[in-house]
Amino acid sequence: SNGPVRCRGFNEAGALGIGSTEQREDAVTVPGLPEIAHVTTAGFSGSTYAIARDGSVWSWGSNDDHMLGTGHDGDEM
């Protein structure tokens, strides 16, 4: 609630939001996010969603079936 968003894991499909699919053993800070109020994942789908304090929604990772809401398919990092 008072710090940066940090992710860790396999990073397939860019699920860590760091601009690559490189696997990281330690948690990494997701760059470029405003102040975030809530973060959730879509289970094993490889997608992550964050709601900023200003109400904007951020998403990254697997984008099968357009689930990130970016208007196109393909993974987003």
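Residues numbered from 1 in each chain as written. Predicted model: local features only at pLDDT ≥ 70, side-chain atom pairs only at ≥ 80, totals over all residues. Heavy atoms only, no water.

(A) Up close: the pairing of strand 5 (residues 57–61). Here strand 4 (residues 47–52) pairs with strand 5 via five bridges, running antiparallel. Counterpart to Ile51 in the pairing with strand 5 is Val57. Taking the residues that link successive antiparallel strands as the turn, the strand 4-strand 5 hairpin has four residues, and the phi of Gly55 there is positive, at about 95 degrees. (Pairing = 2+ DSSP bridges. Helix = DSSP H or I, 4+ residues; strand = E, 2+ residues; numbered from the N terminus.)

(B) Representation of the side chain of Thr48 in the model. Tracing the sequence through the fold places Thr48 in strand 4. The class for Thr48 is buried, based on a relative accessible area of 6%. In contact with Thr48, other than residues within four places in its own chain, are Ala15, Val39, Thr40, Thr41, Trp58, Ser59 and Trp60. (Buried < 20%, exposed > 50% of the residue type's maximum accessible area, 1.4 Å probe, protein only. Contact = heavy atoms within 4.5 Å.)

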